[in-house]
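# Observations on the three-dimensional arrangement
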Amino acid sequence: MNVAGIRSFNELNAAVKAENKQELGKNQFLELMITQLKHQDPLNPAQNEDFIAQLAQFSSLEGIENLNKSVDSMATAMRATVTMEAAALVGRSVLVPTDRTFMQGSRLVGSVDVTQSTSNLTVEISSPMGQFIRKIDVGPAGVGANRFLWDGKDAAGVQQPPGVYRVRAYAAQGESSREFAVDLPEVVASVSLEATGIQLNLAGGST
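Small disclaimer: the values here were computed from a predicted structure and weren't measured. (Residues numbered from 1 in each chain as written. Predicted model: local features only at pLDDT ≥ 70, side-chain atom pairs only at ≥ 80, totals over all residues. Heavy atoms only, no water.)

### A look at the side chain of T122
Mapped onto the fold, T122 is located in strand β4 (residues 118-126). Excluding residues within four positions of it along the chain, T122 makes contact with K135, I136, D137, R168, A169 and Y170. (Helix = DSSP H or I, 4+ residues; strand = E, 2+ residues; numbered from the N terminus. Contact = heavy atoms within 4.5 Å.)

### Thoughts on the pattern of salt bridges
Enumeration according to the criterion identifies four salt bridges in this entry. Here D99 makes a salt bridge to R166, at a shortest N to O gap of 3.0 Å. Note that D99 is positioned in the loop between β1 (93-97) and β2 (100-103) and R166 in strand β7 (residues 163-173), a separation of 67 residues in sequence. By relative accessible area, which is 39% here, D99 ends up partly exposed. Given the relative accessible area of 26%, R166 is considered partly exposed. When the shortest N-O distance is used, the salt bridge between E124 and R168 registers 3.8 Å. Of this pair, E124 sits in strand β4 while R168 sits in strand β7, placing them 44 residues apart in sequence. Overall, the relative accessible area of 32% leaves R168 in the partly exposed class. Each of the salt bridges in this network shares a partner with another, and the network as a whole consists of E124, R168 and E179. (Salt bridge = Lys/Arg side-chain N within 4 Å of Asp/Glu carboxyl O. Buried < 20%, exposed > 50% of the residue type's maximum accessible area, 1.4 Å probe, protein only.)

This is the structure we're talking about:
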């Protein structure tokens with residue numbers, strides 16, 4: 001029997017499915033449970049155990065929803081904190097693995113990550129377009145970080161202006177050479193929030 005103004009269990013169930021939700025919200029769950037109680041057979045009412053089980057399910061659902069809200073709030077707060085911390089790096093110098101950097105003054109100090117000891121570590125400075133500027137013979141280098149200094153001058157001893165320069169580190173091995181990664185000081189020009197996280201945009205053009 002349908003009573004005017006009262007939604008049947010089937011109608012409620014169909015309405016919930018129409019919302020294209022994968023899970024019932026606590027309001028829909030509670031409405032379904034109340035409607036089921038209103039329309040139960042007086043001669044065969046729901047057992048206490050069934051009613052208690054439904055209440056337990058409702059309580060669990062509400063707890064999960066509250067937990068999700070708390071986690072979302074914590075995640076939002078953490079993102080805001082991380083963004084503020086990253087923004088504080090703008091204008092500061094950081095040491096990053098890159099092959100190019102912006103030289104602000106008249107010299108450049110960097111580090112070469114040597115993975116195999118060598119007796120002839122060489123650092124080569126060039127322009128962003130690859131034009132050769134200077135070769136620095138560092139000499140023997142052990143495994144680990146090996147610092148180097150470029151005084152900002154080219155092979156002819158002419159001081160180079162501040163700007164972006166490329167740095168390559170290698171060790172000759174017969175007719176071939178072994179490349180090594182370089183860590184260079186870079187100035188953080190800006191900060192952007194990407195889908196993968198916080199991204200620091202460096203003055204040399206890399207990120």
